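Results of the structural survey
The lines below spell out each chain.
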Amino acid sequence: MIARTRARRGLRFLAMVAALLLALPGVAVATLTLQFTGTPAPWAKTTGHDALWLGHAWVDGRKTADDVRTLAARLRKTGIRDVYVHSGPFDPDGTLPAGKHPKAADFLKWWREELPKVRVSAWLGQKVDGVLDLDDAASRKRVLDGARAITALGFDGVHYNFEPIGDGDTDFLDLLTQTRAIVGDGLLSTSTPQIEPFPLVRPAARAVTGRDKYWSPGYFGQVAKLTDQVAIMTYDSYLPFPSVYGGYVVRQSSLALELVPEEKTVLIGAPAYHDHGVAWADEAESVENAARGARLALTSYGRPRERFGLALYVDFAATKEDWAEYEKFWFKP
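Keep in mind the model is a prediction, meaning the values are calculated, not measured.

What follows concerns the side chain of Gln-194. Checked against the element boundaries, Gln-194 lands in strand β6 (residues 194–195). In this structure the side chain of Gln-194 is engaged in a polar contact, spanning 2.9 Å, whose partner is the backbone oxygen of Met-233. The residues contacting Gln-194, other than those within four sequence positions of it, are Lys-213, Tyr-214, Trp-215, Ile-232, Met-233, Thr-234, Tyr-235, Asp-236, Ser-237, Tyr-248 and Gln-252.

This is the structure:
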């Protein structure tokens, strides 16, 4: 009798857990949709701390001084203060051969002539799930040697993009600490995964994918304290509908505003590309929705935040419509 009672209680508990797990996605969708409502405050817009990821063509010889002049003419009409030019990737052992960026010095010369107030960081990274082992001290030393060599060319800083870095990775924290000693007063920034949007989402996603899609708020905060800028890759969310994705950007931006110290820069990645691989993701994720989500988050934050901006990904994929959305919904809303 007691055994049967315990069994029934166990079954009821499992049924409640199953019902809760089934209901949670619907609650999350409803919450995100609700967050993407309302009217952004007039002051919630660019403060001139935006960024742009640039492709490899700028440092491998495919782009010329004329191309720099053309891009400069566009960027002078924006709030972009930083660009990250792809200058790697690191080799699997962590080395960064100079042949990966043979025309970097020319590019920097042209850039300084056209846009001396826009900082240029070397965008460096590699896949770390079976390619580059950042847990290996010798590999990290070679990464640091590469960062030291490329900053000596005249870059204003280093922008890391290692994927996927797991939540709580102390070796990555060590790499950031040692890179700070190399760049000194220069700029140290990194791309980051999305912040865990709701409790228990991170372990659930990890159980499905086998890796961390999200960072916990605590680890994200640790990384932010070791850098000058964090650029959250708020794209490839695979969320349907513009309202859900927009609410997701509100959520990510709101979390970041609370976690990142005011003297650091928070950048919200805006998807200026159109090859997500699924039609509904291309429809949902846009510069417009990212910009509006960021503005709503700022409005909810309640006051201006100078070091807060959009980071457009990526120059070679951005269309006229993407740039128009940036201007209309973020630069001059």
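There is more to say, and it comes next.
Running from N to C, helix α8 (residues 242–259) and helix α10 (residues 287–301) point in directions that differ by 45 degrees, and their axes come no closer than 8 Å. By the angle between their axes, α8 is oblique relative to α10. The element α8 and its partner α10 pack so that their crossing is right-handed. Residues Pro-242, Tyr-245, Gly-246, Val-249, Val-250, Ser-253, Ser-254, Leu-257 and Glu-258 of α8 form the contact with α10, whose participating residues are Asn-289, Ala-290, Gly-293, Ala-294, Leu-296, Ala-297, Leu-298 and Tyr-301.

With that settled, the discussion passes to the pairing of strand β5 (residues 187–192). The element β5 is extensively covered by neighbouring structure, given that six of its six residues are classed as buried. Residues of β5 alternate between two faces, with Leu-187, Ser-189 and Ser-191 on one and Leu-188, Thr-190 and Thr-192 on the opposite face, all of them buried. Remark: the strand β4 (residues 157–163)/helix α5 (residues 170–183)/β5 crossover connection has right-handed handedness. The sheet contact formed by β5 and strand β8 (residues 229–232) spans four bridges and is parallel. Within β8, the position partnered with Thr-192 by the bridge is Ile-232.

Glancing now at helix α3 (residues 104–114). All of the buried residues along α3 are Ala-104, Phe-107, Leu-108 and Trp-111. Down the axis of α3, the sector holding all buried residues measures 95 degrees, keeping them to one side. On the buried face of α3, the contacting elements are β1 (50–54), α2 (65–75), β2 (80–86) and β3 (119–127).

For the rest of this paragraph, the subject is the nonpolar core. Formed by 79 residues in total, the largest nonpolar core has its most connected members in Phe-107, Trp-111, Tyr-160, Phe-162 and Phe-172. Ranked by the residues each element gives to this core, the list is headed by α10, at eight residues. One finds Trp-53, Met-233, Leu-267 and Val-314 within the second-largest nonpolar core, a separate group that totals eleven residues.

With that settled, the discussion passes to the sheet that holds strand β10 (residues 308–313). Overall, parallel pairing links the eight strands, which are arranged β1-β2-β3-β4-β5-β8-β9-β10 in a closed barrel. Strand after strand, the sheet turns through a mean of 25 degrees between neighbouring axes, direction not considered. Pairing analysis gives two bridges linking β1 to β10, with the strands arranged parallel. Paired with Leu-52 across the two strands is Leu-312, which belongs to β10. Each of β5 and β8 touches helix α7 (residues 217–226); the most contacted strand, β8, lies at about 140 degrees to it.

As a further point, take the packing of α2 against α3. At a closest axis distance of 10 Å, the pairing of α2 and α3 adopts a crossing angle of 40 degrees. Relative to α3, the element α2 is oriented oblique. Here the hand of the crossing between α2 and α3 comes out right-handed. Counted together, Ala-65, Val-68, Arg-69, Leu-71, Ala-72 and Leu-75 of α2 and Phe-107, Trp-110, Trp-111 and Glu-114 of α3 form the full contact between these two elements. Considering only residue class, the contact of α2 with α3 consists of eight nonpolar, no polar and two charged.

Here the residue pair Glu-163 and Pro-164 is connected by a cis peptide bond, since its omega of -10 degrees sits within 30 degrees of zero. In this chain, Tyr-313 is followed by Val-314 through a cis amide linkage whose omega measures 10 degrees. A positive phi is found at Leu-200, a non-glycine position, where the angle reads about 75 degrees. Tracing the sequence through the fold places Leu-200 in the loop between β6 and α6 (201–209). Judged by its relative accessible area of 66%, Leu-200 is exposed. Within the chain, Asp-236 stands out as a residue other than glycine whose phi angle is a positive 55 degrees. Looking at where Asp-236 falls in the secondary structure, it is placed in the loop between β8 and α8.

Procedures and definitions
- Residues numbered from 1 in each chain as written.
- Predicted model: local features only at pLDDT ≥ 70, side-chain atom pairs only at ≥ 80, totals over all residues.
- Heavy atoms only, no water.
- Helix = DSSP H or I, 4+ residues; strand = E, 2+ residues; numbered from the N terminus.
- Polar contact = N/O pair within 3.5 Å; in protein donor to acceptor, adjacent residues only side chain to side chain.
- Contact = heavy atoms within 4.5 Å.
- Axes fitted to C-alpha atoms, helices over the stretch in contact; angles between N-to-C directions.
- Parallel < 35°, antiparallel > 145°, perpendicular 65-115°, else oblique.
- Left-handed = near helix turned anticlockwise from the far one by under 90°.
- Buried < 20%, exposed > 50% of the residue type's maximum accessible area, 1.4 Å probe, protein only.
- Right-handed = clockwise from strand over helix to strand, strands pointing away.
- Pairing = 2+ DSSP bridges.
- Arc of directions from axis to C-beta.
- Core = buried A, V, L, I, M, F, W, Y, C linked by side-chain atoms within 4.5 Å.
- Nonpolar A, V, L, I, M, F, W, Y, C, P; charged D, E, K, R; others polar.

Read these as geometric descriptors, not functional statements.
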